[in-house]
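# An overview of the molecular structure
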Amino acid sequence: MKKSIYSLTKEELGDEIKPSFRAKQIFGWLYDKNVESFEEMKNIPKALKIQLVEKYDLSPLQIAKVETSRDGSSKYLFRLFDGLTVEAVLLPMKKAEYHEDGTLLHHPKYTICISSQVGCKIGCAFCLTAKEGFKRDLTADEIIQQVLIIKKENSIPTNRKTNLVYMGMGEPLDNINNVVNAIKIFADPDGLAISPRRQTISTSGLSNQIKKLGEMNLGVLLAISLHAVDDNLREKLMPINKAYNIKSIIDAVKNFPIDQRKRIMFEYLVMGNLNDDLKSAKKLVSLLHGIKAKVNLIYFNPYLNSPFQRPKPENMQKFQRYLQNHGLICTIRESKGLDISAACGQLREKTN
Ligand code: SAH
Ligand code: SF4
């Protein structure tokens, strides 16, 4: 099988073709002009185009299904070359705004949520992706194409700044090599030019991989799926906690390099009568002491026969207020696209 040209960084492509400066032009065709065939690459000499056709594959992922929610988010189910499927979500964050005289103040803002694996090995008790087990890692090109296709389908100009979150299916740090390649390809100024500062890696807390990612010093943002403040409960919810406990995660985070203006995000999935009490909030405050943190409280999104409950809004608010009163930045996230089965793995569940 030919390899996908989207799996290469510009430097790797430059090493494989001659003359290497053509890599920059090819990147422009792939990511800026978004061509569908090598034939369309007008300033590339014929002989090189023939080589490209022989060596590389350009075929895109197939869209298997799209669902659009009342809140404007759209969920894409992609079919991969081997028939497996993964999902990605386009989340409109801010509408375009205009000055009184009609000139544009800012363009609409989007976040795209992407998958890094088909299924997941981590096996969290609250997560639908976990139920299907692990199938395989996504290659860098399969990660890249989710964004390329969603931008194209929604006529979002290729050079328009977009935020990316690795919060779809899979554990990105369990597929770190392909994810890091994707981060670099996304960031290339001749490509989509999505700076690492706009890319957030969400992890269930693989401390050793957090350390490894930190040492690469890419400038990416980090989100930790904490969800519980004591090891007992966390082990029950997330079996990975037996290998990497809360302390090991906090230690890894303290050494993670972040931009002065940014914060480490802690995601806290709130489940009714389980982790929504103020005792937990108090423990969370002490755990995050000394970290430039931001907490995101997430409503548990129930699915058919799910063993957990959605928390009461008043408990969410009390929890949030407690954190805020103790100096933490804290937002509440309503899972977007609730009416189109928003939590990870749920669109796929309905199709299969
Ligand atoms: N594996 C990574 C990234 C993908 S999961 C991680 O766990 O961080 C992205 C987020 O979706 C995680 O914070 C996860 O806890 C959350 N999630 C999983 N199931 C959910 C559900 N049923 N309702 C709401 N959020 C859920
Ligand atoms: Fe995997 Fe994240 Fe789901 Fe846990 S929450 S099973 S780590 S995708």
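The coordinates are above.
Residues numbered from 1 in each chain as written. Chains lettered and ligands numbered in written order. Predicted model: local features only at pLDDT ≥ 70, side-chain atom pairs only at ≥ 80, totals over all residues. Heavy atoms only, no water.

As a further point, take the overall build of the protein chain. Assigned secondary structure in the protein chain consists of 12 helices and 16 strands. In summary, the protein chain has a C-alpha radius of gyration of 21 Å against a globular reference of 20 Å for 352 residues, a match within 12%. Along the longest, intermediate and shortest principal axes, the C-alpha atoms of the protein chain span 70 × 55 × 45 Å. In the protein chain, which comprises 352 residues, the share counted as buried stands at 54%. Counted over contacts in the protein chain with a minimum sequence separation of 6, partners at least 24 positions apart contribute 65%. Roughly 16,500 Å² of accessible area belongs to the protein chain as shown, and the carbon and sulfur atoms make up 51% of that amount. Charge-centre separation for the protein chain: the mean point of 52 positive side chains lies 3 Å from the mean point of 39 negative side chains. (Helix = DSSP H or I, 4+ residues; strand = E, 2+ residues; numbered from the N terminus. Rg over C-alpha atoms; globule rule 2.2 N^0.38 Å. Buried < 20%, exposed > 50% of the residue type's maximum accessible area, 1.4 Å probe, protein only. Contact = heavy atoms within 4.5 Å. Areas by Shrake-Rupley, 256 points an atom, 1.4 Å probe, with all protein chains shown as cover. Lys, Arg positive; Asp, Glu negative; His and termini not counted. Charge placed at Lys NZ, Arg CZ, Asp CG, Glu CD.)

Now for the packing of helix H6 (residues 176-187) against helix H7 (residues 207-216). Viewed as axis vectors pointing N to C, H6 and H7 meet at an angle of 30 degrees, and their least axial separation amounts to 12 Å. Comparing their axes, H7 and H6 come out roughly parallel. Remark: the crossing between H6 and H7 carries right-handed chirality. Taking contact as the criterion, the partners of Ile176, Asn177 and Val180 in H6 are, on H7, Gln209, Lys212, Leu213 and Met216. Class assignment for the residues of the contact of H6 with H7 results in 4 nonpolar, 2 polar and 1 charged. (Axes fitted to C-alpha atoms, helices over the stretch in contact; angles between N-to-C directions. Parallel < 35°, antiparallel > 145°, perpendicular 65-115°, else oblique. Left-handed = near helix turned anticlockwise from the far one by under 90°. Nonpolar A, V, L, I, M, F, W, Y, C, P; charged D, E, K, R; others polar.)

So, about the sheet that holds strand S14 (residues 264-270). Here we have 10 strands laid out as an open sheet, ordered S3-S4-S5-S8-S11-S12-S13-S14-S15-S16, and mixed in their pairing. Since the sheet does not close on itself, it has two edges, and those belong to strand S3 (62-68) and strand S16 (329-333), each with one partner. Within this sheet the neighbouring strands show an average axis-to-axis angle of 20 degrees, counted without direction. (Pairing = 2+ DSSP bridges.)

The subject of this paragraph is helix H2 (residues 22-32). Burial analysis of H2 places 8 of its 11 residues in the buried class, which makes it a mostly covered element. Those residues of H2 lying buried are Arg22, Ala23, Ile26, Phe27, Gly28, Trp29, Leu30 and Tyr31. Taken together, the buried residues of H2 touch helix H1 (10-16), helix H3 (46-55), helix H5 (140-153) and H6. With its phi angle positive at about 60 degrees, asparagine 34 sits one or two positions after the end of H2.

According to the stated counting rule, one finds 5 aromatic pairs in the structure shown. Of the aromatic side chains, those joined through ring pairs into one cluster are Tyr6, Phe27 and Tyr31. Between the NZ or CZ atom of lysine 121 and the centre of the ring of phenylalanine 134, over which it lies, the distance is 4.7 Å. It is arginine 310 that lies over the ring of tyrosine 299; its NZ or CZ is 4.3 Å from the centre. (Phe/Tyr/Trp six-rings, centres within 6.5 Å; stacked < 30°, edge-to-face > 60°. Lys NZ or Arg CZ within 6 Å of the ring centre and 35° of its normal.)

The next subject is the side chain of serine 73. Tracing the sequence through the fold places serine 73 in the loop between S3 and strand S4 (74-79). With a relative accessible area of 1%, serine 73 lands in the buried category. Of note is the side chain of serine 73, whose polar atom sits 2.8 Å from the side chain of aspartate 71. (Polar contact = N/O pair within 3.5 Å; in protein donor to acceptor, adjacent residues only side chain to side chain.)

With that out of the way, let us pick up the site of ligand 1. The full set close to ligand 1 counts 19 residues, and Gly170, Ser202, Ser225, His227 and Asn301 are the nearest of them. Note that an oxygen atom of ligand 1 is positioned 3.5 Å from one of the backbone N or O atoms of threonine 203. Here a nitrogen atom of ligand 1 and a backbone polar atom of asparagine 301 are 3.0 Å apart. Considered on its own, ligand 1 offers 530 Å² of accessible surface; in the complex 94% of this is hidden by protein. Counting residues per element, the ones that place at least two in the shell around ligand 1 are strand S12 (199-203) and S14. A per-class count over the shell around ligand 1 returns 9 nonpolar, 8 polar and 2 charged. (Near = heavy atom within 4 Å.)

The biggest cluster of nonpolar side chains holds 104 residues, and the ones touching the most others in it are Ile5, Leu52, Phe126, Phe186, Phe266 and Leu323. The leading source of residues in this core is H6, at 7 residues. Once residues lying within four places of it in the same chain are set aside, the contact partners of isoleucine 5 are Leu13, Ile26, Leu30, Phe38, Leu52, Tyr56, Asp57 and Leu58. Ranked by size, the runner-up nonpolar core spans 7 residues in total, among them Val89, Val165, Met167 and Met265. (Core = buried A, V, L, I, M, F, W, Y, C linked by side-chain atoms within 4.5 Å.)

Its location among the elements puts glutamate 314 in helix H11 (residues 313-325). Between the C-alpha atoms of glutamate 314 and glutamine 260, which are 54 residues apart in sequence, the distance is 34 Å.

Attention shifts here to the site of ligand 2. Around ligand 2, a shell composed of Cys120, Ile122, Gly123, Cys124, Phe126, Cys127, Ala130, Gly170, Glu171 and Ser204 is seen. In terms of residue class, the shell around ligand 2 is made up of 6 nonpolar, 3 polar and 1 charged.

Right, let's talk about the pattern of salt bridges for a bit. The full count for this structure, using the stated rule, is 16 salt bridges. As a salt-bridge pair, lysine 49 and glutamate 39 come within 4.0 Å of each other at their nearest N and O atoms. Here lysine 49, found in helix H3, pairs with glutamate 39, found in the loop between H2 and H3; they are 10 residues apart in sequence, far enough to count as distant. On the accessibility criterion, lysine 49 (11% relative accessible area) is buried. One continuous salt-bridge network, built from bridges that share partners, spans Lys10, Lys24, Asp188 and Asp190. (Salt bridge = Lys/Arg side-chain N within 4 Å of Asp/Glu carboxyl O.)

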